[in-house]
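Tertiary structure, described
Residues per chain are reported as follows:
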Amino acid sequence: MAVVDWMNKRQNNKHARMRVFGVALSAALGSVTLLAAATVGTEAAAQDCARSYTTAELSRDLGAMTTALRAKNDSDYRDVGQRLSNQIACVRKDLPQRVWASAYRHLGAYYYMVGDFDQSKRWFKTAIELEPSYEWDIAELTLDHPLRRAFDAQRGAATEDPVALDGKALAPPSGATLKIDGRPLTESSATLDRPHILMVVGTDRVAREVFLIEGNEIPDQFLTDGDAVADEAPAADLYAAKKVERVRPPAKTPLMVTGGALAVVGGALYGTSFATRSQFYSAKTTADLDKYRSLTNTLVVAAGTTLALGIGVEYVGIIISDRPGVALRGRF
């Protein structure tokens, strides 16, 4: 019996060792599988930007997300949102900041729907920074929708001032400009606690490089030692509103008054000619006929001349410019 017991114990220990080895082997294989999966995932992510995320694709995805939001189709919204999240840093075109604002809003909403509320808040901040007055359409989000409330809750934090990098100035690459979220980057500063898309844009408006940065973490290759703000005279803004003060020429008012007075005198002379014409028709003698005919003709001619002179002086007074000398302005 002792031999039998010993043999049974030995057999049981062998089976136990085999079970332990099997578990260890399974765990090892599982780890290898996970490592391989992670490696494949990393390669796929790196290859995402092997081709650009075209403006047509971006526009299509933003439209699809808007449609899904209006249709209350959260599943489709999340699917497109995941693609937008993966590809947002692969845009290679210099887009207006309102397009970036729209993309960032939808990214914030996407992260909210998948439960990543921290990322949602951060993207909402950048979106509001770019377009502070934006309000969700009532057809997209009802007034009491929690997503709308989450978006509005970031308005205060979104308006913080940019923070500069101490002792650093921008050093853009030759023949290119730096743009952040569609806006020219002129200082080594950006708002904190939110993501930004930083682009190196050539003269053809195509991005040479694209970076997804956090806050003001501008890559070192675009920085140099110096003041954060460039010491330059501000460039003239061709589209800035300017108040123009009109200077009234000194001769303008007298000419207009004189012209009006002459016109009145001309009218009075012409009115007087009616009386002399009446006397001409009622004359009884040849001498009276000649007298009133000559007087009437003189009055009519004088009236016409005076009226014409008055109108001319009035016109000169109206169109005289505010430049030195007497300059006339007209439109042809």
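Remember, it's a predicted structure, so these values are computed and weren't measured experimentally.

Take the pairing of strand β6 (residues 195-202) next. Summarising burial for β6: eight of the eight residues are buried, a large majority. As judged from the five bridges shared by strand β3 (residues 176-180) and β6, these two strands associate in the antiparallel manner. Bridge assignment links Ala176 to a residue of β6, and that residue is Gly202. In the sheet, β6 pairs with strand β7 (residues 207-214) via seven bridges, with the strands oriented antiparallel.

On to the pairing of β3. Burial runs high along β3: four of the five residues are buried. Where β3 lies against strand β4 (residues 183-184), two bridges are found, and the strand directions are antiparallel. Within β4, the position partnered with Lys179 by the bridge is Pro184. In sequence, β3 turns back onto β4 through a hairpin of two residues, with Asp181 there showing a positive phi of about 55°.

Turning our eyes to something else, we now look at the pattern of salt bridges. In this structure the tally under the stated criterion is 18 salt bridges. Between Arg70 and Asp137 there is a salt bridge, with the nearest N and O atoms lying 3.8 Å from each other. In this pair, Arg70 sits in helix α2 (residues 55-70) while Asp137 sits in the loop between α5 (117-130) and α6 (146-152), placing the two residues 67 residues apart along the sequence. On the accessibility criterion, Arg70 (40% relative accessible area) is partly exposed. What makes Asp137 partly exposed here is its relative accessible area of 33%. Of the charged contacts, one joins Lys125 and Asp193 as a salt bridge, the two residues approaching to 2.5 Å between their closest N and O atoms. Taken together, the positions of Lys125 in helix α5 and Asp193 in the loop between β5 (189-190) and β6 put the pair 68 residues apart, joining distant regions of the chain. Its relative accessible area of 10% is what places Lys125 among the buried residues.

Turning our attention to the sheet that holds β4. Taken together, the four strands give an open sheet; going across it, the order is β4-β3-β6-β7, and neighbouring strands pair in antiparallel fashion. Taken across any chain shown, the strands that pair with only one partner, and hence form the sheet edges, are β4 and β7. Running at roughly 55° to β6, α5 makes contact with β4, β6 and β7 of the sheet.

Attention now moves to the environment of Arg105. Looking at the secondary structure, you find Arg105 in helix α4 (residues 97-113). Excluding anything up to four places from it in sequence, Arg105 contacts Phe124, Ala127, Glu131, Tyr134, Trp136 and Phe151.

Right, let's get into the state of the cysteines. Summed over the entire model, instances satisfying the criterion amount to one disulfide. One disulfide bridge connects Cys49 with Cys90, the sulfur atoms lying 1.9 Å from each other. Residues Cys49 and Cys90 are joined by a disulfide whose S-S torsion is about -85°; by sign, that bridge is left-handed. Of this pair, Cys49 sits in the loop between α1 (2-47) and α2 while Cys90 sits in the loop between α3 (74-87) and α4, placing them 41 residues apart in sequence.

Applying the stated criterion across every chain, the model contains nine aromatic pairs. Between Tyr104 and Trp123, the aromatic rings sit 5.1 Å apart at their centres with planes inclined by 50°, giving tilted as the arrangement. Note that Tyr104 is positioned in helix α4 and Trp123 in helix α5, a separation of 19 residues in sequence. When the ring of Tyr134 is compared with that of Phe151, the centres are 6.4 Å apart and the planes differ by 80°; the resulting orientation is edge-to-face. Here the residue Tyr134 occupies a position in the loop between α5 and α6, and Phe151 occupies one in helix α6, the gap between them amounting to 17 residues. Grouping residues by exposure puts Tyr134 and Phe151 together as buried. Counting every residue linked through ring pairs, the aromatic cluster contains Phe124, Tyr134, Trp136 and Phe151. Sitting over the ring of Tyr134, Arg105 keeps its end group 3.4 Å from the ring centre.

For the rest of this paragraph, the subject is the environment of Leu198. Tracing the chain through its elements places Leu198 in strand β6. Given the relative accessible area of 0%, Leu198 is considered buried. Separated by 14 residues in the primary sequence, Leu198 and Leu212 place their C-alpha atoms 6.3 Å from one another.

Running from N to C, α2 and α4 point in directions that differ by 50°, and their axes come no closer than 11 Å. The pairing of α2 with α4 is recorded here as oblique in orientation. Note on packing geometry: the crossing formed by α2 with α4 is left-handed. Across the interface between the two elements, Leu58, Leu62, Met65, Thr66 and Leu69 of α2 pack against Val99, Ser102, Ala103, His106, Tyr110 and Met113 of α4. Within the contact of α2 with α4, the residues separate by chemical class into eight nonpolar, three polar and no charged.

What counts, and at which threshold
- Residues numbered from 1 in each chain as written.
- Predicted model: local features only at pLDDT ≥ 70, side-chain atom pairs only at ≥ 80, totals over all residues.
- Heavy atoms only, no water.
- Buried < 20%, exposed > 50% of the residue type's maximum accessible area, 1.4 Å probe, protein only.
- Helix = DSSP H or I, 4+ residues; strand = E, 2+ residues; numbered from the N terminus.
- Pairing = 2+ DSSP bridges.
- Salt bridge = Lys/Arg side-chain N within 4 Å of Asp/Glu carboxyl O.
- Contact = heavy atoms within 4.5 Å.
- Axes fitted to C-alpha atoms, helices over the stretch in contact; angles between N-to-C directions.
- Disulfide = S-S within 2.5 Å.
- Phe/Tyr/Trp six-rings, centres within 6.5 Å; stacked < 30°, edge-to-face > 60°.
- Lys NZ or Arg CZ within 6 Å of the ring centre and 35° of its normal.
- Parallel < 35°, antiparallel > 145°, perpendicular 65-115°, else oblique.
- Left-handed = near helix turned anticlockwise from the far one by under 90°.
- Nonpolar A, V, L, I, M, F, W, Y, C, P; charged D, E, K, R; others polar.

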